[in-house]
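Inside the fold
So you can see what is in the structure, the chains are spelled out below.
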Amino acid sequence: MKRIKAILLGVLIGSGLNPAAATPVPVLPYPQQVIVGKPLPPIGTAVAFTGSGLESGVTKRLAANWQLAGLNQSAQASQQTVTLIVSGKSAKANALVDGYTAGWSGKVGAEGYVLVLNTRHKFIAANTETGLFYGLQSLKQLVRAGWNQEITITDWPSFANRGIYDDISRGPTPKVSTIKKQIERMAELKINSLSFYIEHVVQPRSYPDFAPADGKLTMDDIRELSAYAAQFHMQLVGSFQSFGHFANILSHPKYQPMGETSTMISPLDPKARAFLASVITELCGAFNSPYFNVNCDETFDLGKGKSKAYVDRVGVAKYYADHIKFLYDVLKKQHKQLMMWGDIALQHEEILDLLPKDIIYLTWEYGDQKSYDTWIQPFVKRGLTFIVCPGIVNSNRLFPDMVMARGNINGFLKAGKQAGTAGVLTTIWDEGPMCFFHSDWYGVYTAAEKSWNISQGETGSFNERFERTAYNTGNGNYVKALFTLMELRGIPLTYNLAEQIWLQKLLPDSGKKLIINNQDVPKIQAIVNTGLTYVRAAEPQLNHTDGQFLQFTLQQYQLLMDSRLLLAQAADTYRTAQSQHNTAALQATIQAIVGLQARYQSLKETYRSLWEAENQPYYLAINLNGFDAKITQLQQLTTRLQNLIASSAPLPAIAAIGLDIKASNAFYFQNWLLTGPFKTPTPPRFLYSEDPAYNVPPKPGDMAQFQGKSYRWQKYISQEGGIVDLSDYYKNASGAVAYAYCSITADSAQAVTAQISTQAVELFVNGTQVQPGNAVDQDETPFAINLAKGVNHILLKLPTSASWNFAFRLDTRKPITNHKHKYSLNAKTSVHEAD
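Conventions adopted
Residues numbered from 1 in each chain as written. Predicted model: local features only at pLDDT ≥ 70, side-chain atom pairs only at ≥ 80, totals over all residues. Heavy atoms only, no water. Helix = DSSP H or I, 4+ residues; strand = E, 2+ residues; numbered from the N terminus. Buried < 20%, exposed > 50% of the residue type's maximum accessible area, 1.4 Å probe, protein only. Contact = heavy atoms within 4.5 Å. Areas by Shrake-Rupley, 256 points an atom, 1.4 Å probe, with all protein chains shown as cover. Lys, Arg positive; Asp, Glu negative; His and termini not counted. Charge placed at Lys NZ, Arg CZ, Asp CG, Glu CD. Salt bridge = Lys/Arg side-chain N within 4 Å of Asp/Glu carboxyl O. Core = buried A, V, L, I, M, F, W, Y, C linked by side-chain atoms within 4.5 Å. 1 Å grid on protein atoms, 1.4 Å probe; cavity = no way out; pocket = protein on both sides within 12 Å on 5 of 7 lines; lining within 4 Å. Points joined across faces, edges and corners; volume = space filled by probe spheres on them. Nonpolar A, V, L, I, M, F, W, Y, C, P; charged D, E, K, R; others polar. Pairing = 2+ DSSP bridges. Axes fitted to C-alpha atoms, helices over the stretch in contact; angles between N-to-C directions. Parallel < 35°, antiparallel > 145°, perpendicular 65-115°, else oblique. Left-handed = near helix turned anticlockwise from the far one by under 90°. Polar contact = N/O pair within 3.5 Å; in protein donor to acceptor, adjacent residues only side chain to side chain. pLDDT = per-residue confidence, 0-100. Phe/Tyr/Trp six-rings, centres within 6.5 Å; stacked < 30°, edge-to-face > 60°. Lys NZ or Arg CZ within 6 Å of the ring centre and 35° of its normal.

Now for the overall build of the chain. Looking only at helices and strands, one finds 23 helices and 35 strands in the chain. In terms of principal-axis extent, the alpha carbons of the chain reach across some 95 × 70 × 50 Å. Of all 835 residues assigned to the chain, the portion counted as buried reaches 57%. Of the contacts made within the chain by residues no fewer than 6 positions apart, 76% connect residues no fewer than 24 positions apart. With an accessible surface of roughly 32,300 Å², the chain has 52% of that area assigned to carbon and sulfur atoms. With 76 positive and 68 negative side-chain charges, the chain shows a separation of 5 Å between the mean positions of the two kinds.

See the structure below:
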């Protein structure tokens with residue numbers, strides 16, 4: 001009794017009490033209940049495990065896991081023994097644990113544990129081997145951190161299902177060895193399932209030809225990974241995209257006839273059904289989880305394909321639900337429970353009433369919302385099983401938005417817990433060339449923390465425990481570097497950390513112009529330099545490569561900013577040399593460009609090494625093209641300038657050598673939705689489509705109809721800083737009309753002037769045509785427009801002309817930011833979108 005009283009006189013951390021004054025316990029996820037007592041000599045890494053009455057092999061397996069973590073390095077003389085206790089095996093052992101935490105067996109459940117370290121006892125107690133395993137993970141973290149106080153931890157998970165879902169189809173496809181390392185690291189965070197977004201990067205034996213040769217998982221790979229995950233008390237959950245997002249497979253001529261459209265498989269095609277049944281059946285045999293995710297999200301082409309007449313007759317809900325029922329029956333035969341994304345059912349709620357009641361709905365939303373009722377309540381009110389799916393937002397970004405991810409994970413999980421979610425599946429969408437999983441780990445640790453302990457706030461500082469458990473450091477520099485990088489998310493030029501700054505050309509093509517706005521460059525340079533200072537001082541003792549990926553992104557921004565300044569200066573130098581008929585100043589410019597080229601070559605090799613360390617070759621060659629294009633442009637400019645210096649001829653026009661850079665402080669709109677070209681010399685009278693059903697402001701992938709033909713609205717990003725070259729985008733389209741659409745959200749009703757750099761244009765704002773004003777600049781035509789508070793729809797009709805291009809900007813001093821083709825005109829640049 002004295003022993004217990006002494007411990008209770010220590011510091012109690014957890015259970016809702018305020019431990020702000022205490023040293024945080026270096027465990028992540030943070031335990032539900034912690035009692036810290038008097039000083040204790042550190043345990044050390046040399047630990048022997050013993051237990052009585054345990055199932056054969058339990059002690060051996062847990063000892064092997066300890067050694068896998070690189071522990072047990074100390075001399076055997078300092079070895080200490082930790083006893084493993086399973087409830088019900090020994091009355092004496094049960095009573096010992098009860099002396100520290102009464103009723104512990106009923107409290108910790110199937111995955112929880114009790115961990116006690118003091119001068120008299122060192123043990124882990126649990127109801128199952130899984131509970132012992134999770135107790136061992138907490139012990140690992142304490143030992144690595146050199147913990148030197150008596151401690152009693154009583155711990156259990158807030159959510160039974162705690163998963164990570166990684167996109168391996170639209171960017172990097174990880175190596176099997178990488179996935180094994182992910183499993184090891186996630187298991188230490190008490191994550192118990194891992195799944196993948198799979199479109200075409202698996203190779204079933206029945207259809208072995210659609211998977212990329214240099215980027216896939218075979219059935220043997222998946223079986224191997226499933227068995228490996230099981231060693232870490234983790235399940236590999238099967239997944240296969242089974243409706244939309246099917247373009248990668250349908251692009252093969254052999255499979256094209258199965259398509260409802262170019263992006264969606266046909267639910268009514270017998271060959272398509274046979275294909276899905278065969279592939280899913282094979283995958284069910286390889287993945288070790290009792291669940292299987294058929295995806296079926298974002299089916300943008302519902303009712304737009306070759307079965308349109310049928311869909312119009314039976315309705316979208318029945319058409320969609322019938323396909324899910326088919327997939328449900330396929331999975332039932334394999335004794336798997338169907339999981340599916342919930343977005344289409346939320347758009348057409350009658351689907352929920354047409355489907356079997358034992359489906360698990362994966363409801364997703366990745367923004368930091370005030371309320372998540374929209375994504376939860378339709379399932380709750382029907383008594384359906386659902387899992388909340390927050391996101392680590394990295395799609396089409398140079399680095400994941402960890403500020404948004406942290407807010408989204410905290411908010412969505414809290415709302416899900418209150419509403420009765422069956423678990424958590426945190427998604428990672430590696431869509432784009434710069435999406436590396438090693439950049440996602442801060443978000444994974446955040447998700448692991450909240451998935452295990454939803455009540456945990458900032459006790460002991462999450463960031464401090466993150467650095468301690470992830471890198472075994474206490475200097476704070478990785479987190480400082482990370483959130484210094486996050487400052488770029490609010491600056492217009494680098495808003496949302498979007499990848500389009502990388503996609504933009506460094507130099508214009510010969511005969512063309514490039515617009516750059518360098519107003520924010522000095523601010524960005526200062527942020528990046530600070531971040532680089534922090535990351536170079538991080539000195540991780542574990543997981544060293546995380547910092548290398550973060551440093552790469554900072555160096556990428558640094559090089560892009562240096563390039564913008566240097567090349568704008570090069571253009572000014574050339575214009576001066578041309579006017580003064582003096583080429584001497586160009587020599588220094590050439591040397592600067594040569595240095596820039598060398599830096600891109602070096603960064604390319606860094607990128608290649610990072611990719612090869614983590615991923616299979618698939619997509620690498622395509623992604624390196626982004627570096628090669630910049631290197632080639634710089635090389636070509638260097639050669640042209642050197643040839644001009646060597647000759648005595650007058651300097652040609654700046655556009656002729658590919659250096660016509662226009663520096664401007666104006667914000668030019670670079671992202672649009674485009675459709676067409678409509679084969680008519682005059683703009684049609686309708687706004688968005690000849691078909692009344694589609695004559696509404698479009699979303700990506702929507703259709704416009706004209707004279708019996710369908711035209712898809714496609715996302716477009718200008719690579720010339722806001723100049724949209726329609727003649728280059730639409731080849732051989734003379735005598736035609738193209739449409740361009742974007743939206744502008746204003747925080748109040750206001751009048752602004754739009755400047756458009758083409759004479760042949762019709763401008764519509766919220767469906768009303770705006771007449772042009774009198775031009776002051778011969779290159780731009782002004783349009784006085786009235787923006788309403790909220791979302792405003794901007795539509796340009798653009799008939800072909802001699803130079804079929806345009807640029808669009810607003811005359812305003814207010815900050816303008818955008819996420820894809822959606823722009824915001826206000827002073828609140830902290831509002832971000834996740835999609």
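The rest of the description comes next.
What follows is about the pattern of salt bridges. Pairs can form between side chains of opposite charge once their charged atoms are near each other. Summed over all chains, the structure comprises 33 salt bridges. Here K180 and E224 are joined by a salt bridge, their closest N and O atoms 2.6 Å apart. In this pair, K180 sits in helix α6 (residues 176-188) while E224 sits in helix α7 (residues 219-231), placing the two residues 44 residues apart along the sequence. A relative accessible area of 21% means that K180 is categorised as partly exposed. The exposure class of E224 is partly exposed, given its relative accessible area of 36%. Between K731 and D728 there is a salt bridge, with its nearest N and O atoms 2.7 Å apart. Given a relative accessible area of 41%, D728 falls into the partly exposed group.

Omega for the bond connecting L28 with P29 falls within 30 degrees of zero, at 5 degrees, which places this linkage in the cis form. The backbone phi angle of K190 is positive, close to 65 degrees, even though this residue is not glycine. You can see K190 is positioned in the loop between α6 and β9 (193-197). Taking the relative accessible area as the measure of exposure, K190 reaches 0% and is therefore buried. Despite not being glycine, C296 has its phi angle at roughly 65 degrees, a positive value. The topology assignment puts C296 in the loop between β13 (291-293) and α10 (308-314).

Here the focus is the nonpolar core. In this structure, L139, F240, F275, F466 and L659 are the most contacted members of the largest nonpolar core, which totals 194 residues. Among the elements that take part in this core, helix α20 (residues 545-580) stands out by supplying 14 residues, more than any other. Once you skip the residues sitting within four places of it in the chain, L139 turns out to touch F49, W66, V82, L115, L117 and I124. One finds W672, F808, Y823 and L825 within the second-largest nonpolar core, a separate group that totals 35 residues.

Now for empty space enclosed by the protein. Across all of its chains, the model carries four cavities of 30 Å³ or more by this definition. Within this model, the largest cavity holds a volume of roughly 120 Å³. Every residue along the wall of the largest cavity is listed here: I501, Q504, K505, L506, L514, I516, L560, S563, R564, L567, A568 and I661. For the lining of the largest cavity, the secondary structure elements donating two or more residues are β19 (514-516) and α20. Here the lining of the largest cavity takes five residues from α20, the largest share from any one element. The residue inventory of the lining of the largest cavity, partitioned by class, reads eight nonpolar, two polar and two charged.

What follows concerns the sheet that holds strand β33 (residues 808-811). Strands sit in the order β30-β27-β33 across an open sheet of three strands; the sheet is antiparallel. The strands lining the two open edges of the sheet, one partner per strand, are β30 (781-787) and β33. Looking at each pair of strands side by side, their axes are set apart by 35 degrees on average, direction ignored. Relative to β30, strand β27 (residues 750-756) runs antiparallel, the two being bridged by seven bridges. By the bridge assignment, I756 is partnered in β30 with T781.

Our focus in this paragraph is the packing of α6 against α7. A packed helix pair is summarised by two numbers, namely the angle formed by the two axes and the spacing between the axes. Relative to each other, α6 and α7 sit at 20 degrees, their axes nearing to 10 Å. Of the possible angle classes, the one that applies to α6 and α7 is roughly parallel. Like other packed secondary-structure pairs, α6 and α7 cross with a definite hand, here right-handed. On α7, the residues touching V176, I179, K180, I183 and E184 of α6 are D221, E224, L225, Y228 and A229. The class makeup of the residues in the contact of α6 with α7 is six nonpolar, no polar and four charged.

Looking now at the side chain of E720. By secondary structure assignment, the location of E720 is in the loop between β24 (714-717) and β25 (724-725). The class for E720 is buried, based on a relative accessible area of 9%. Reaching out from E720, the side chain makes a polar contact with the side chain of K505 at a distance of 3.2 Å. Every residue in contact with E720, bar those within four places of it in the chain, is listed here: K505, K513, L514 and I515.

Here we take up the pairing of strand β23 (residues 709-712). As judged from the four bridges shared by strand β22 (residues 703-706) and β23, these two strands associate in the antiparallel manner. Paired with M703 across the two strands is R712, which belongs to β23. In this structure, the hairpin formed by β22 and β23 is closed by a connection of two residues, where Q707 is found at a positive phi of approximately 50 degrees.

When its volume is computed, the second largest pocket comes out at roughly 670 Å³. Only α2 (58-68), α5 (129-144), α6, α15 (441-452), α16 (462-471), α20 and α21 (586-614) provide two or more residues apiece to the lining of the second largest pocket. Of the residues assigned to the lining of the second largest pocket, the class counts are 12 nonpolar, 10 polar and seven charged.

For the rest of this paragraph, the subject is the environment of Q597. Tracing the backbone through its elements, the reader meets Q597 in helix α21. Overall, Q597 belongs to the buried group, its relative accessible area being 15%. Leaving out residues up to four positions away in the same chain, Q597 has contacts with I631, L634, Q635 and T638. Side chain to side chain, Q597 and Q635 meet in a polar contact 3.0 Å long.

Our next topic: the confidence of the model for the chain. Of all residues in the chain, 95% have pLDDT values of 70 or greater, and the mean over the chain is 93. Long-range and interchain partners of residues 1-21, a stretch whose pLDDT sits below 50, account for 34 contacts in this model, where long-range means more than four residues apart.

When you line up the elements, T152 lands in strand β7 (residues 149-155). On the accessibility criterion, T152 (4% relative accessible area) is buried.

Viewed as axis vectors pointing N to C, α2 and α5 meet at an angle of 30 degrees, and their least axial separation amounts to 10 Å. For the element pair α2 / α5, the angle class is roughly parallel. α2 and α5 meet at a crossing whose hand is right-handed. Of the residues in α5, those in contact with V58, R61, L62, N65 and W66 of α2 are E129, L132, F133, L136, Q137, L139, K140 and V143. Tallied by class, the residues present in the contact of α2 with α5 amount to eight nonpolar, two polar and three charged.

This part is about the packing of aromatic side chains. The final tally for this structure, using the stated rule, is 64 aromatic pairs. Between F667 and Y823, the ring centres sit 6.2 Å apart and the planes meet at 85 degrees, which makes this aromatic pair edge-to-face. Of the two residues, F667 is situated in the loop between β20 (661-663) and β21 (671-678) and Y823 in strand β35 (residues 822-825); the sequence distance between them amounts to 156 residues. Neither F667 nor Y823 differs from the other in exposure class; each is buried. Taking NZ or CZ as reference, K190 lies 5.7 Å from the ring centre of W452, over its face. In this structure, R273 packs its charged tip against the face of F326, placed 4.5 Å from the ring centre.

The subject of this paragraph is the environment of A345. Among the secondary structure elements, A345 is positioned in helix α12 (residues 343-347). On the basis of relative accessible area, A345 is assigned to the buried category, the value being 0%. The spacing of A345 and A656 is 311 residues in sequence and 55 Å in space, taken between C-alpha atoms. Those residues in contact with A345 that sit more than four places away from it in its chain are I351 and L352.

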